Amino acid sequence: MEKFRIQGGRRLHGEVGVSGSKNAALPCLAATLLASAPVILRGLPRVRDIVTMERVLETLGESCAHSEGATTVVAGSGDAYHAPYELVRTMRASVLVLGPLLARRRRARVALPGGCAIGARPIDFHLQALAQLGADLRVESGDVVAEASGGLRGGEVSFPRITVTGTENLLMAATLARGRTVLHNCAREPEVEDLANLLLAMGARITGVGTDTLEVEGTEELSGADHLVIPDRIEAGTYVIAAVLAGDGVRVSGCRPDHLSALLAALREAGCAFSTDADAVVVPAQRGPLRAVSITTTEHPGFATDLQAQFLALMTQAHGASSVTEAIFENRFQHVLELKRLGAAVEVEGSTAHVHGPAALDGTTVMASDLRASAALVLAGLVARGETLVDRIYHLDRGYEAMEVKLNALGATVERFNPGRYL
Ligand code: EPU
């Protein structure tokens, strides 16, 4: 299993470019199942989850061709509709094919994703909402089997709780449903908006983009499109935090600072001086101590749960006591025990982690448990004394493109060992 060996204490300096958004690219890839002509997607990050989604699409008869910076997805002639467990179990977001398959092929069989390191993560809201658009659903041998033999019909759906991929699944399903669909209590994450923009380019009729109420007038057919996915705000936020922790002047470029407003507000409160351009966050060498700041994760535009672990790693170096409350997932503190192995002073009480800083971190071996927890451990390794080994970095490779290459270009010393195929 591949590991990172990190030499702590190196200062970061220079510019790091942000890749395309994994969580925008995944629904955009699933949306190609709705199109009757090739869809060109630009800026997809080269990460494991994208490869997995392309495999899911290939299982469903599509072909994905890559040329410089662009992926062209072409629908096959078949009507395959089964996303098997071997693929779904490695990536929950495979469930995003459910809505498009039902809408266009009128049936779908998608393995139920099992448990997850960060919480139970059921898909009941996706299923209830699809039933409201006329789908017949049942669970058979661990698979969701869904049918809409006469096609989906528009309807009114109110999500009991905000769900990102649930909103995306329903938005895609509604584009080819008969009549009008109104989706209430939708996620407003930038990734949902990016998907809506792709669907609009394909000819879908959607209003309310960027709000919590999406209205869709179904159409008979969607065309191809050429779409550039948004930059990855979580990758950008991770490098901004790295720059605050260990930087001597870092420019995080090719990002959307407006997608990072909650993180930037917390950093400002912590006393961090930074500036923003239209597409970059510039973090100067940190002068003066970093102050402890408390945050609670919430849906966008609140503080992203996907930056919680990295922010917690930063707070281990801030002066004072902070609390980090996780309100989206019930079990997303697996990084805490590993950070404590490095010497961090953190106690978890229910859904809140209490952090006391600054703590001197000492390099040791730590284990990555999920994608964002892994990023937090790498960040801690950058400021730990001596050598930190981060084990199981396959979690990182799911969502960060060439993280060690980008960090090393800034002056870090991060070595991947047992190097195998990168993807
Ligand atoms: N939930 C339900 N039932 C449902 C759907 C969601 O109870 O049918 C609950 C979840 O268990 C969770 C909450 O609602 O407690 C919100 O979950 P949501 O559905 O919004 O999460 P998701 O769509 O499965 C996406 C991202 C996650 C990110 C969350 C929250 C993708 C592919 N994944 O997951 O990204 O943490 O939204 O912002 O977009 C990551 O990239 O590391 C990652 C985990």
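As the structure is a prediction and not an experimental result, all values here were calculated from the model.

The rules we used
- Residues numbered from 1 in each chain as written.
- Predicted model: local features only at pLDDT ≥ 70, side-chain atom pairs only at ≥ 80, totals over all residues.
- Heavy atoms only, no water.
- Pairing = 2+ DSSP bridges.
- Helix = DSSP H or I, 4+ residues; strand = E, 2+ residues; numbered from the N terminus.
- Near = heavy atom within 4 Å.
- Polar contact = N/O pair within 3.5 Å; in protein donor to acceptor, adjacent residues only side chain to side chain.
- Areas by Shrake-Rupley, 256 points an atom, 1.4 Å probe, with all protein chains shown as cover.
- Buried < 20%, exposed > 50% of the residue type's maximum accessible area, 1.4 Å probe, protein only.
- Contact = heavy atoms within 4.5 Å.
- Axes fitted to C-alpha atoms, helices over the stretch in contact; angles between N-to-C directions.
- Disulfide = S-S within 2.5 Å.
- Right-handed = clockwise from strand over helix to strand, strands pointing away.
- 1 Å grid on protein atoms, 1.4 Å probe; cavity = no way out; pocket = protein on both sides within 12 Å on 5 of 7 lines; lining within 4 Å.
- Points joined across faces, edges and corners; volume = space filled by probe spheres on them.
- Nonpolar A, V, L, I, M, F, W, Y, C, P; charged D, E, K, R; others polar.
- Salt bridge = Lys/Arg side-chain N within 4 Å of Asp/Glu carboxyl O.

## So, the sheet that holds strand S21 (residues 352-357)
Logical step 1: Here four strands make up an open sheet; going across it, the order is S18-S19-S21-S20 and the pairing mixed. In the strand order of this sheet, the two ends are held by strand S18 (295-296) and strand S20 (345-349), each with one partner.
Logical step 2: In the sheet, S18 pairs with strand S19 (residues 320-325) via two bridges, with the strands oriented parallel. The partner of Ile295 across the bridge, within S19, is Val324.

## Side note on the site of the ligand
Logical step 1: Taken together, 22 residues sit near the ligand, with Asp124, Thr163, Thr165, Asp306 and Ile328 positioned nearest.
Logical step 2: The separation between an oxygen atom of the ligand and a polar main-chain atom of Ile328 is 2.6 Å.
Logical step 3: A distance of 2.8 Å separates an oxygen atom of the ligand from a polar atom in the side chain of Arg372.
Logical step 4: Within the complex, 89% of the 830 Å² of free accessible area of the ligand lies under protein.
Logical step 5: Those elements giving two or more residues to the shell around the ligand turn out to be helix H1 (22-31), helix H5 (124-132), helix H6 (164-175) and helix H12 (371-383).

## Re the environment of Ala117
Logical step 1: Checked against the element boundaries, Ala117 lands in the loop between strand S7 (107-111) and H5.
Logical step 2: Judged by relative accessible area, which is 31%, Ala117 ranks as partly exposed.
Logical step 3: As a C-alpha pair, Ala117 and Leu98 span 19 residues in sequence and 23 Å in three-dimensional space.
Logical step 4: Beyond its immediate chain neighbours, meaning those up to four positions away, Ala117 contacts Asn331, Gln334, Ser369 and Asp370.

## So, the sheet that holds strand S11 (residues 180-184)
In a beta sheet, neighbouring strands pair by backbone hydrogen bonds and run either parallel or antiparallel.
Logical step 1: Taken together, the four strands give an open sheet; going across it, the order is S10-S11-S13-S12, and neighbouring strands pair in mixed fashion. Strands with a single pairing partner mark the edges of an open sheet, and in this sheet they are strand S10 (156-158) and strand S12 (205-207). Neighbouring strand axes in the sheet, compared pairwise and without regard to direction, differ in orientation by 15 degrees on average.
Logical step 2: Sheet topology note: the S12/strand S13 (residues 214-217) ladder contains three bridges and is antiparallel. Paired with Thr207 across the bridge in S13 is Glu215.
Logical step 3: Here H6 sits on the sheet in contact with S11, S12 and S13, set at roughly 25 degrees to S13.

## Let's talk about the state of the cysteines
Logical step 1: In this structure the tally under the stated criterion is zero disulfides.
Logical step 2: Left unpaired, Cys64 is separated from the closest cysteine sulfur, that of Cys28, by 13 Å.
Logical step 3: Summary of cysteine pairing: Cys272 is not part of a disulfide, and the nearest cysteine sulfur, belonging to Cys255, is at 14 Å.

## Quick look at the pairing of S11
Logical step 1: Pairing geometry for S10 and S11, over three bridges, is parallel. Across the sheet, residue Val157 finds its bridge partner in S11, namely Leu183.
Logical step 2: Read from S10 through H6 to S11, the crossover connection turns out right-handed.
Logical step 3: Direction of pairing for S11 relative to S13: antiparallel, over a ladder of four bridges. Residue pairing across strands places Arg180 opposite Glu217, the latter belonging to S13.

## Considering empty space enclosed by the protein
Logical step 1: With the rule as written, the count across this model stands at two cavities of 30 Å³ or more.
Logical step 2: Here the largest cavity is characterised by a volume of approximately 90 Å³.
Logical step 3: Every residue lining the largest cavity is counted, 13 residues in all, and those nearest its centre are His259, Leu260, Leu263, Gly302 and Ala304.
Logical step 4: Mapped onto the lining of the largest cavity, the elements with two or more residues apiece are helix H8 (233-246) and helix H9 (261-269).
Logical step 5: Take the lining of the largest cavity: its biggest share by element is three residues, from H9.
Logical step 6: By residue class, the composition of the lining of the largest cavity is eight nonpolar, four polar and one charged.

## Remarks on unusual backbone geometry
Logical step 1: Of note, the bond from His300 into Pro301 is cis; its omega dihedral lies within 30 degrees of zero at 15 degrees.
Logical step 2: By the secondary structure assignment, Pro301 is in the loop between S18 and helix H10 (308-315).
Logical step 3: A cis amide bond, omega 0 degrees, links Gly357 with the succeeding residue Pro358.
Logical step 4: Relative to the elements of secondary structure, Pro358 occurs in the loop between S21 and strand S22 (365-367).
Logical step 5: The phi dihedral of Arg106 is positive, around 65 degrees, even though this residue is not glycine.

## Considering the environment of Val164
Logical step 1: Position of Val164 among the secondary structure elements: in helix H6.
Logical step 2: With 59 residues separating them along the chain, Val164 and Arg105 place their C-alpha atoms 23 Å apart.
Logical step 3: Dropping the residues within four chain positions of it, Val164 is found in contact with Ala187, Glu189 and Val192.

## What about the pattern of salt bridges?
Logical step 1: For the structure on display, the rule yields 21 salt bridges.
Logical step 2: Of the charged contacts in the structure, one is a salt bridge between Arg5 and Glu415, with a shortest N-O distance of 2.7 Å. Of this pair, Arg5 sits in strand S1 (residues 3-7) while Glu415 sits in strand S24 (residues 413-417), placing them 410 residues apart in sequence.
Logical step 3: When the shortest N-O distance is used, the salt bridge between Asp226 and Arg42 registers 2.8 Å. One end of the pair, Asp226, is in strand S14 (residues 225-228); the other, Arg42, is in strand S3 (residues 39-42), with 184 residues separating them in the sequence.
Logical step 4: Relative accessible area serves as the criterion here: at 44%, Asp226 is assigned to the partly exposed category.
Logical step 5: Arg42 gets classed as partly exposed once you look at its relative accessible area, which sits at 33%.
Logical step 6: Each of Glu2, Asp397, Glu404 and Arg416 takes part in one network of salt bridges that share partners.

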